[in-house]
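Below are the chains, spelled out letter by letter.
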Amino acid sequence: MSRSVSIGPVTRIEGHLRIDTRIENNRIAEAWSMGEMFRGFETLLVDRDPLDAPVITQRICGVCSVSHAIASCKAVEAAIGLKAPRNGRYLRSLTLGANYLQSHILNFYHLSALDFVRVEELLDYRGKDPVLRGLKIWASQEISSGRILPIAPFLPKLPADYVDNNNWNLGALSHYLEALEIRQETHEMTSLFGGKMPHTASLVPGGVTCGVDPAVVESFRTRLRRVRRFIELTYIPDVIAAARLYPQYAQGGQGVQRYLSYGGFEEDNGDWLPAGTVIEDRFEPLDTAAIKEDLTASRFRQTIAKHPREGVTVPEEDKKGAYSWLKAPRYKGLSMEVGPLARIMVAATANSAGVGDALQAFLREANLPASVLPSVLGRHAARALEALLLSQQMETWLDALKPEEASLAPYQTRPNGYGEGLTEAPRGALGHWITIRNDKIERYQCVAPSTWNFSPRDQHQQPGPVEAALTGIEVNENYQGIEAARTVRSFDPCIACAVH
Ligand code: NFE
Ligand code: MG
């Protein structure tokens, strides 16, 4: 017997996402990922000054605006022949790194973990555990204020197989609150060099305008260490606990198992995270000429699949056969997963930056086999591991800053040019492509991480990575889509970015 389950809108994400599934014999037989809004940033950039691009494109998103600033600055720099000095590059990495830490902790504690937590524990709890003091104070304030909201952000929830484990359920809720404070630290770190957050003021083509003030560097370092302690002592153990308590999610939702990373976090001897792809378990160097966006199932005027350098954005709301406002990026014609798992897989397969060793150590300590990585909780583990490695590496970038050196290159322009700006955003590979003619933007195209992951089918009916990950997942006939929600959130969707 076949039935359909639709989740729309998917909550606790940015932007409007709908997931439709067809279920047969208690498994998802087919899935459709649908971006349900059009925004049009690419079209509104046309005819503007190239210097406007980083300012405007940061507004694509309130979560990952730093990565849009960096992609846009790099695209403009490539087009006009400018290079940020060393300090500028490290300040960008530190600002982006702080934004990663913010975003990864957000995804786990505030967006995803609740799918695995029985929040009713909060109502029942009468214990005295000091670890839970914050939670109790918060709950009692809510109750004494007369609002019927002690579990307001947490209910209603989809019915599911939540484990009956007080340590986990109450611990995760208490860490939910602690993570809010930790994210405040990370936002402050971003604004120490970025000027403000979201939408930094200091990241411009040519570098970063704030310079290197040793007092600010030490303020950043103090906060970084507090965040790092939280990652080591709380975030990592919680992800490992989730993998033990929900072993079925350390297996299902593998997806396409093809991974792409643009690489990022430039150091003196190259990028800390390498660029490349993993296809059929083999590392290959990245060739960005092999990227094309297919429009077959996208609500845009039909053209052949094009490289973003030639891409056009002409909305066509009622296009026959189209079901999403996302384009469908493909690499050598293949749908590719991007994001923390992809970055870890690419780096580990390329055996770079010690990521392979760190991954092995992490798996050993968690007593988990490598086969758990391509899975729902494997994506969360990769995100947590990346946060840990990043929080360690960022100290070396602080040490690399030189107060006596410039962080900004003198501005120069060119009336005509073309530039590709690639970076890795928290959710994965982010590219901006700009063409400048007569000092104005002639063409601007973005391909965001969630565009890759949440893309619809293409001309060959090949599903996007999330559609593929959902297919085959076992579902309980009494539930209303929790299995799909858990899988979708492991990819950390941002549809505001994806449609841009
Ligand atoms: Ni709006 Fe973003 C990240 C980008 S996702 S969050 O990370 O670019 O597509
Ligand atoms: Mg685009």
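Just above, that's the structure.
To keep things clear, this report deals only with the structure shown in the data block. (Residues numbered from 1 in each chain as written. Chains lettered and ligands numbered in written order. Predicted model: local features only at pLDDT ≥ 70, side-chain atom pairs only at ≥ 80, totals over all residues. Heavy atoms only, no water.)

Our focus in this paragraph is the overall build of the chain. When its secondary structure is counted, the chain shows 15 helices and 15 strands. Based on the C-alpha atoms only, the size of the chain along its principal axes is roughly 65 × 60 × 50 Å. Counting every position in the chain, which comprises 500 residues, the buried fraction comes to 59%. Long-range contacts, defined here as pairs at least 24 residues apart, represent 74% of the contacts in the chain between residues at least 6 apart. (Helix = DSSP H or I, 4+ residues; strand = E, 2+ residues; numbered from the N terminus. Buried < 20%, exposed > 50% of the residue type's maximum accessible area, 1.4 Å probe, protein only. Contact = heavy atoms within 4.5 Å.)

Throughout the structure, instances matching the rule amount to 15 aromatic pairs. Centre to centre, the rings of F116 and Y246 are 4.9 Å apart; their planes meet at 75 degrees, and the pair counts as edge-to-face. With F116 in the loop between α4 (86-112) and α5 (120-124) and Y246 in the loop between α8 (214-245) and β6 (259-261), the pair connects residues that are 130 residues apart, well separated along the chain. Each member of the pair, F116 as well as Y246, is classed as buried. Here F265 and W397 contribute two aromatic rings whose centre-to-centre distance is 5.2 Å and whose plane-to-plane angle is 20 degrees, an arrangement assigned as stacked. With F265 in strand β7 (residues 264-267) and W397 in helix α11 (residues 376-400), the pair connects residues that are 132 residues apart, well separated along the chain. Site record: aromatic cluster; members linked through ring pairs are Y100, F265, W272 and W397. Over the aromatic face of Y418 sits the side chain of R309, whose NZ or CZ is 3.6 Å from the ring centroid. (Phe/Tyr/Trp six-rings, centres within 6.5 Å; stacked < 30°, edge-to-face > 60°. Lys NZ or Arg CZ within 6 Å of the ring centre and 35° of its normal.)

Next up on the list: the coordination of the nickel atom of ligand 1. Distances from the nickel atom of ligand 1 to its protein donors, C61 (SG), C494 (SG) and C497 (SG), fall at 2.2 to 2.3 Å. Seen from the nickel atom of ligand 1, its four donor atoms lie at angles of 102 to 117 degrees, and the figure they make is tetrahedral. When the donors of the nickel atom of ligand 1 are listed by position in the chain, the intervening gaps give C-x432-C-x2-C. Separating the nickel atom of ligand 1 and the iron atom of ligand 1 is a distance of 3.2 Å. Per residue, the accessibility class of C494 equals that of C497, and both read buried. (Donors = N, O, S within 2.8 Å, 3.2 Å for Na, K, Ca; no water. Tetrahedral: all angles 85-135°; square planar, octahedral: opposite > 155°, others 65-115°.)

It is worth spelling out the coordination of the magnesium ion (ligand 2) at this point. Reference values for coordination geometry: four tetrahedral donors around a metal ideally subtend 109.5 degrees, six octahedral donors ideally subtend 90 or 180 degrees. Bound to the magnesium ion (ligand 2) are the protein donor atoms E42 (OE), C446 (O) and H500 (NE2), situated 2.0 to 2.3 Å from the metal. Mapped onto the sequence, the residues coordinating the magnesium ion (ligand 2) show the spacing E-x403-C-x53-H. Pair noted here: E42 is in helix α1 (residues 41-44) and C446 is in strand β15 (residues 440-447), with a separation of 404 residues, a long-range link.

Counting 87 residues, the largest nonpolar core has L101, I105, I231, Y235, M394 and L401 as the members making the most contacts within it. It is α11 that provides the largest number of residues to this core, a total of 14 residues. If we skip the residues at most four places from it in the chain, I105 touches H110, A179, I182, R183, V227, F230, I231 and Y235. Within the second largest apolar cluster, 55 residues are counted, among which are V5, F300, Y444 and A448. (Core = buried A, V, L, I, M, F, W, Y, C linked by side-chain atoms within 4.5 Å.)

It is worth spelling out the site of ligand 1 at this point. The full set of residues close to ligand 1 is C61, C64, H68, A425, P426, R427, L430, A448, P449, S450, C494 and C497. Here an oxygen atom of ligand 1 sits 2.7 Å away from a polar atom, N or O, in the main chain of R427. When its residues are assigned to classes, the shell around ligand 1 shows nine nonpolar, two polar and one charged. (Near = heavy atom within 4 Å. Polar contact = N/O pair within 3.5 Å; in protein donor to acceptor, adjacent residues only side chain to side chain. Nonpolar A, V, L, I, M, F, W, Y, C, P; charged D, E, K, R; others polar.)

A word on the sheet that holds strand β9 (residues 276-279). Sheet architecture is open: three strands sit in the order β6-β9-β10, paired in antiparallel fashion. Of all the strands in the sheet, the pair left with one neighbour each is β6 and β10 (282-284). On average, each strand axis in the sheet is tilted by 15 degrees relative to the strand beside it, whichever way the strands run. Sheet analysis places β6 next to β9, joined by three bridges and oriented antiparallel. Of the residues in β9, the one forming a bridge with Y259 is V278. (Pairing = 2+ DSSP bridges. Axes fitted to C-alpha atoms, helices over the stretch in contact; angles between N-to-C directions.)

In the structure shown here, the tally under the stated rule is 32 salt bridges. Salt-bridge contacts for D492 lead to R427; the nearest nitrogen and oxygen are separated by 3.3 Å. In this pair, D492 sits in the loop between α14 (482-490) and α15 (495-499) while R427 sits in the loop between β13 (417-425) and β14 (428-437), placing the two residues 65 residues apart along the sequence. The buried category is assigned to R427, whose relative accessible area is 6%. Put simply, R22, E24, E30, R457 and E467 are held in one network by salt bridges that share partners. (Salt bridge = Lys/Arg side-chain N within 4 Å of Asp/Glu carboxyl O.)

In space, the three strands of this open sheet follow the order β13-β14-β15, with antiparallel pairing throughout. Edge strands, defined here as strands with exactly one partner in the open sheet, are β13 and β15. Within this sheet the neighbouring strands show an average axis-to-axis angle of 15 degrees, counted without direction. Each of β13, β14 and β15 is contacted by helix α3 (residues 65-80), which is oriented at about 155 degrees to β13, the strand it contacts most.

A few words on the packing of α4 against helix α7 (residues 166-194). As a packed pair, α4 and α7 sit with axes 9 Å apart at the nearest point and diverge in direction by 160 degrees. When the axis of α4 is compared with that of α7, the two are roughly antiparallel. The way α4 lies across α7 gives a crossing that is left-handed. Looking at the contact of α4 with α7 residue by residue, the classes come out as 14 nonpolar, nine polar and one charged. (Parallel < 35°, antiparallel > 145°, perpendicular 65-115°, else oblique. Left-handed = near helix turned anticlockwise from the far one by under 90°.)

This next bit is on the pairing of β15. Each regular strand carries side chains that alternate between the two faces of the sheet. Looking at chain direction, β14 and β15 are connected through seven bridges and run antiparallel. Counted as the bridge partner of I436 is I441 from β15. Two successive antiparallel strands, β14 and β15, enclose a turn made up of two residues, where N438 displays a positive phi of approximately 50 degrees.

Here the focus is the environment of V217. Mapped onto the fold, V217 is located in helix α8. Note on V217: relative accessible area 7%, which makes it buried. Sequence separation between V217 and A429 is 212 residues; the distance between their C-alpha atoms is 28 Å. Setting aside chain neighbours within four positions, we find V217 in contact with F193, V212, L398 and L401.

Cis geometry is found at the peptide bond from G8 to P9, where omega equals -5 degrees. Locating P9 in the fold gives a position in the loop between β1 (2-7) and β2 (17-24). In this chain, M197 is followed by P198 through a cis amide linkage whose omega measures 0 degrees. Backbone geometry at D439 places phi at a positive 70 degrees, although glycine is not the residue there. Along the polypeptide, D439 turns up in the loop between β14 and β15. Take D439: its relative accessible area is 37%, and that puts it in the partly exposed class.

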